[in-house]
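Read off the chains here:
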Amino acid sequence: MAVNATEILNILRAAVLQDVSRVAEREAAESRLRSLETESGLYSMLQDIVLSNSFPMDIRWLSIIYFRLGMDKYWRKSAPNVIARDEKDHIKNQLAQMFTLEDSQLASQSAVAIARIARYDYPVEWPTMFSDIINLAQEKYSNNELVATCRILAVLNQIVKALTAVRVGKIRSSIQEAAPEIIRVIGAWYYELSQAWLESCDNSNNRAIEIKGQMCHLALKICRRLVVEGYGHPNRTVEARELFRVSTLNLSVCLQKAQSNPLQQLQKHIKTLGKFFHDLSESSPIAFALMPTCVELCKLYLAVLESHAPSFHQPVFELRDFWESFLVRGLLLIRRCIKIVSGDGVTLKRTRTTEDREESKVAVKLLQNALCTDELLVHIHDLILRFYLRLTPGELEKWNAEPEDFVRDESQNSWEYQLHPCSEKLYIDLLINYQDLLRPRLLQSLESISAQFELSDDALLTKEAIYCAFGISSSALYDNFEFDEIFLKVLVPLVMDPPPDAPNIYRIVLRRISLIISNWISVNCNQSTRPAIYECLVRLLDPSFRQHDLVVRLTATEALRCSVDEWNFKLDDFVPYLEYFLSRLMELIQSVDMIETKLALLQVISVIAEVSDQHIVPFIDRLISLLPALWDEAGNEHILKGAILHTLRNLIRAAGSDSAKFYGFYLPLIGSIMDPKSELHVYLLEDTLDLWHCTIVNATDASPELLALVPPLIASLDSSTENLQAELTILEGYMILSPSSIVSQYGHLLFRILSSYIGRLKNDACYEVTLVLEIVIQSLPLESYIQCYAESGLLARLLQAIFDTQESFINTTRYLTVFARLTVINPNVLVEFCNHYSSPMTITALATTEAASVNTSIQTSILGQLLDIWMVRVDNMGHPRMRMLTAMAFANLLTDPAISALTEIGERKLKLTKIKTDIEAELEGESVKIDIDMSISRVMGLGSFS
């Protein structure tokens, strides 16, 4: 039914009430408005309210919000409760009025709503969209209606933003067709507006100049997206090349004005220009290099990098964040140019045409001659080493005030947004690609600074920067550099025998040594040096030294993790230091506050527990005693809780049979996480299953606490297949620990669940399911489980799967193994079961195989068909244990007088005998175990099947 205009107005008036005594009335109105969102005519009515100046602004504001949400949810043709065609036409007929709303808040929401309509209607339902908008904008601009033109540009920007995000389909090709004309018009405006704005932007009180600045910025945002996304090769089009040239010139002018004018609009424009250059260099690096002013642009950024370098080391630097963001863009552009010259991932050769290859050669030669010259590369290298690898006063202040935040920020991989990490990335690229040129300069600096013992702040900051360069350059220096020599002769004395009058800032050198260890130990470090590294870390973790503050010690723990979690790690060298390291780690984890810091420390403990084997057993009680409080502190931090479970698993594995004394702490956690209604179930299920499996592996008996977890395990098996294999492995352990109690209490339900999987299992999961069934057969008397097997439909499903031609041969042999075990115990079980399914209807349902070697006639009994398939599938049984089991089953069928007299056996006696004899001869002299011990060794982690 259509909505009533009066009712809608009354609802909106109630929904905007601000009186605290009428909260219930407002909430009821909001609920009523949501209930009407699928009613016919609502959104056209909301649009009318937005466009009418006769309504209060709060009602118009709420109307535009609901209108925008409605366009997002109900404009798409395939959406449920899609807006009717006639209402859509009414809305689109009034869109032109929405383009020029005067109020800025209404206009911004309107722009987003129109962009959603364009996203769904362009180009099929609204093919003339861009020409309509451009014509409307030109009309307003020619009439000098600047505010209206600005609003239209804002809408166009939102539309372009929405459409360029689409990567495939008609929209992509259509916007590429429309891009040249849009850039021709809007680009010309950008040139005209930017000149007018930049000449007068100092006059911030002039409203017309402010509007032109906004228009200029919107025009740039529109064009930058279209250049990046609207062309396959932007460098081949005149309008894109001209826009790039104008943008470079404008950046230069903006930078000059920004030195003395902290105008926010100016800074926004500089940032948008930086995004333009960066995005183009990322999406089309060759096109970027071939743009007319690319080299000038990079040199402009380099000049600013050089001129502002000292400013970052001043105690006070205004606009620090702005300039840091700008310089990061410059570093990224220079890094991209180096990658173009080195050919590192610039283009894919299989998609390149002859013209592409020629352009690549031209771009490489251009950058080599103009930017990547020896002189300029050395200059960039020295600039980074001298200024941008050096710690700034701001970083040192954060070190003092927020040490945990400082360590976290340093460890996060956000180099594309931070000046210091981005400088490190560029420095590494320089050294890797120009080793012959730059490596001697680094080594010379390293040798020079290592011979100096000055303890001034400036000298120590310089030393730390050069050590930083040495540390991060391991990938460029490792092949012909002796790390061990410089570590033992230079770095170890700095840690073990520091100057007695060393100032507090000496700690930056100590921290850097830990980072050098982290960078180099897995790259080029002799085994004989490892004890010296452990000695250094012992000293750095000692809080009794004044310079060993929290940052130094936390960084040393990361170096410890890298030293332990490493390919050439030798446990014997590490064991003498194990107790000390664990003690320090436990002290730290109890003294820090941030969740991220606790997580990092816990990961170090977990790695140590994983590699230490039985040497960690004396400390397990103390380590696990930390975990309950840590779990409570974690709250909703599921990553930390996952790390706790992972650490606990490693500790339980090391504890072995003694792990039972910790059941009281963590088994209730397993039970709560296995509850599907628990929030933890979503985030921690896999870690919990790993811990549970480790618990079962190390359990010596089925304690009541362990058995209490069987119901949630069975429930999980019944409800989901995502973790089926892990859950089946746990079930195998339970079956070995206490098969009688599991089968007696849960047999019918469990086997019904398992039978539901048979016939649709992958090979690995099939192996797990049939292994569970085999363990039951091996562990219990026949009478304790055979009724459950039959009544649950398990045996029937096995038979169906064996007869199914779509089932893989590997799975079929696994299903046959279950029947083989039953036949070895009592061949009458097989015969009676097959006789039960020997009616013609059952045969028709089961005998679906089309194998030429198998008789599928309606007169053949189920037993006969099963034996025929079985004999054919013997050749698919690769494991000696499986083949011997089959031979023993055939022997039981042949030697039992009553069974061997059956027609099905008699007709196949010679073939059955031959298969049995061949297998026995094949395996003669081999010890092929088929008893329960083999399953125990496999499930409990004691070995693999022989």
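Residues numbered from 1 in each chain as written. Predicted model: local features only at pLDDT ≥ 70, side-chain atom pairs only at ≥ 80, totals over all residues. Heavy atoms only, no water.

## A word on unusual backbone geometry
Thinking step 1. In this chain, Y122 is followed by P123 through a cis amide linkage whose omega measures 5°.
Thinking step 2. For P123, the location among the structural elements is in the loop between α7 (104–121) and α8 (129–142).
Thinking step 3. Although it is not a glycine, L319 adopts a positive phi angle of roughly 60°.
Thinking step 4. Considering the arrangement of structural elements, one finds L319 in the loop between α15 (294–308) and α16 (320–342). (Helix = DSSP H or I, 4+ residues; strand = E, 2+ residues; numbered from the N terminus.)

## Re the pattern of salt bridges
Thinking step 1. Overall, the coordinates contain 49 salt bridges when judged by the stated rule.
Thinking step 2. The shortest N-O distance in the salt bridge between D718 and R752 comes to 3.9 Å. Taken together, the residues span a long stretch of sequence, with D718 in helix α37 (residues 710–719) and R752 in helix α39 (residues 739–757) at a distance of 34 residues.
Thinking step 3. Salt bridges linked by common partners bring K398, D405, R408, D409 and E596 together as one network. (Salt bridge = Lys/Arg side-chain N within 4 Å of Asp/Glu carboxyl O.)

## Topic: the side chain of Q47
Thinking step 1. Relative to the helices and strands, Q47 resides in helix α3 (residues 42–51).
Thinking step 2. Within the local environment of Q47, its side chain forms a polar contact with the side chain of Q94, the two groups lying 3.1 Å apart. (Polar contact = N/O pair within 3.5 Å; in protein donor to acceptor, adjacent residues only side chain to side chain.)

## Describing helix α42 (residues 794–803)
Thinking step 1. Of all 10 residues in α42, 8 are buried, a share of seventy percent or more.
Thinking step 2. Along α42, the positions that sit buried rather than exposed are L794, L795, A796, L798, L799, A801, I802 and F803. (Buried < 20%, exposed > 50% of the residue type's maximum accessible area, 1.4 Å probe, protein only.)

## Quick notes on the packing of helix α18 (residues 374–388) against helix α22 (residues 435–450)
Thinking step 1. Running from N to C, α18 and α22 cross one another at 35°; their axes reach a closest spacing of 10 Å. The handedness of the crossing between α18 and α22 is right-handed. Along its contact with α18, which presents D374, L377, V378, H381, D382 and L385, the element α22 presents L437, L438, R441, L442 and S445. (Axes fitted to C-alpha atoms, helices over the stretch in contact; angles between N-to-C directions. Left-handed = near helix turned anticlockwise from the far one by under 90°. Contact = heavy atoms within 4.5 Å.)

## A few points about the side chain of T272
Thinking step 1. The residue T272 is located in helix α13 (residues 264–283) in this model.
Thinking step 2. At 2.6 Å, the side chain of T272 forms a polar contact with the side chain of H217.
Thinking step 3. Residues within four places of T272 in sequence aside, it is in contact with H217, L220, K221 and R224.

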